[in-house]
Amino acid sequence: MKYTQLGRTGLKVSRLVLGTMNFGPQTNEADSHTIMDAAQQAGINFFDTANVYGWGANKGRTEEIVGSWFAKGGGRRDKTVLATKLYANMATDDGKVWPNHDKLSALNIRRSVDASLKRLGTDHIDLYQFHHVDRDTPWDEIWQAMDVLVQQGKILYVGSSNHAGWHIARANETAARRGSYGLVSEQCLYNLAERRAEMEVIPAAEGYGLGVIPWSPLHGGLLGGALRKEREGGAARSGAGRSADALANSTIRAQIQSYEDLLDKHGLEPGEVALAWLLTRPGVTGPIVGPRTADQLASALRAVELTLPDELLTSLDEIFPGPGPTPEAFAW
């Protein structure tokens, strides 16, 4: 496994991030533990979860599964850089939420961190992330609450997710004015098929020293050999999910066909190339991979060792052109 610093911090993290969103809803506890063991044995030390994972009536279940894995001992917790998130409504009664039980008020931050620590069975969270922007809570209040958690030893670093470039700027300018350390990472939707983050989110992250952690690196399976799986009667054929919806568009379908044809010529697997491409991108710490099985984890691990030749990178840009630098991308 290869490692890098998380943004401007001294924290070393693996270039693949183990996403746990499927643990509980898709993968049972025993199999989830097996995947986490395999990931750690392969050198992955960066695990990502969220308080809301488990979904519906099972919100919080994924954190509990990670916590029960830590409880097995063997240095599991000590070897893990643990990231989780807050923001979501955690009520299970048909989505109804009592006031101050979601978003980023100081009250909900305090409530949420204690609940996550209990589910995770640990005394601190290494990277505590805002799952979404709270348009109603001022950054001064948010940083005051987060600084208290740092002082209490409950969290070490703070990150964002699904924030625009100007949100990152405002957050870190406020933090600097207060003498707070500010955001150190941003989780955003970023992959070959979805490159809008290159316009402002990634430049803002680089400018303020945030590590970029792309989620959905295969764009819901679209970049993981979707057409091949469709021919073989796999997931894309079922008509469910982002991949199937995208393939209903003839332009996108032709684009993905060109992608798969290109990689067939090079003898490469689409999903592994999609991950390897992200590892070549400026500012990217590592993509989040969310394996449901050990085989999917093994495929992701191969991507770390994959070197993409310049010729192939050029061809990928031709198939999936990015927006280009800003402000030129939208000003000319």
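Residues numbered from 1 in each chain as written. Predicted model: local features only at pLDDT ≥ 70, side-chain atom pairs only at ≥ 80, totals over all residues. Heavy atoms only, no water.

Once that is clear, we can look at the overall build of the protein. Along the backbone of the protein there are 13 helices and ten strands. Relative to a compact globule of 332 residues, whose C-alpha radius of gyration would be 20 Å, the protein shows 20 Å and is just as compact. Overall size of the protein, expressed as C-alpha extent along the three principal axes, is 55 × 50 × 40 Å. Of all 332 residues assigned to the protein, the portion counted as buried reaches 50%. (Helix = DSSP H or I, 4+ residues; strand = E, 2+ residues; numbered from the N terminus. Rg over C-alpha atoms; globule rule 2.2 N^0.38 Å. Buried < 20%, exposed > 50% of the residue type's maximum accessible area, 1.4 Å probe, protein only.)

Regular strands place side chains that alternate from one sheet face to the opposite one. The element strand β7 (residues 155-161) is extensively covered by neighbouring structure, given that five of its seven residues are classed as buried. Where strand β6 (residues 125-130) meets β7, five bridges bridge the pair, whose relative direction is parallel. Considered in β7, the bridge of L127 is made with Y157. This β-α-β element, β6 to helix α4 (residues 139-152) to β7, shows right-handed connectivity. Summarising the sheet, β7 and strand β8 (residues 183-189) pair through three bridges and their orientation is parallel. For S161, the partnering residue across the bridge sits in β8 and is Q187. Handedness of the β-α-β unit built from β7, helix α5 (residues 165-178) and β8 comes out right-handed. (Pairing = 2+ DSSP bridges. Right-handed = clockwise from strand over helix to strand, strands pointing away.)

Once that is clear, we can look at the pattern of salt bridges. By the definition in use, this model includes 19 salt bridges. A salt bridge links E198 to R195; the shortest N-O distance between them is 2.9 Å. One connected set of salt bridges, linked through shared partners, spans D140, D147, R177 and R178. (Salt bridge = Lys/Arg side-chain N within 4 Å of Asp/Glu carboxyl O.)

Now for the packing of α4 against α5. Direction vectors running N to C along α4 and α5 enclose 60°, while the axes themselves pass 10 Å from each other. In terms of orientation, α4 lies oblique with respect to α5. Crossing hand, α4 versus α5: right-handed. Side by side, α4 and α5 meet where W139, D140, W143, Q144 and D147 of the first sit next to H167, R170, A171, N172, T174, A175, R177 and R178 of the second. A class-by-class count of the residues in the contact of α4 with α5 yields four nonpolar, four polar and five charged. (Axes fitted to C-alpha atoms, helices over the stretch in contact; angles between N-to-C directions. Parallel < 35°, antiparallel > 145°, perpendicular 65-115°, else oblique. Left-handed = near helix turned anticlockwise from the far one by under 90°. Contact = heavy atoms within 4.5 Å. Nonpolar A, V, L, I, M, F, W, Y, C, P; charged D, E, K, R; others polar.)

Glancing now at the side chain of S160. By secondary structure assignment, the location of S160 is in strand β7. Polar contacts involving the side chain of S160 include one to the side chain of E186, which spans 2.5 Å. For S160, the residues in contact, after removing those within four places along its chain, are F130, I168, L183, S185, E186, Q187 and L210. (Polar contact = N/O pair within 3.5 Å; in protein donor to acceptor, adjacent residues only side chain to side chain.)

By the burial criterion, the buried members of helix α12 (residues 310-319) are L312, L313, S315, L316 and I319. The arc that holds every buried residue of α12, seen down its axis, measures 160°, which confines them to one face. Exposed residues pointing more than 90 degrees away from the buried face of α12 are listed as D310, E311 and E318. As for α12, its buried residues are in contact with α9 (250-266) and α10 (270-279). (Arc of directions from axis to C-beta.)

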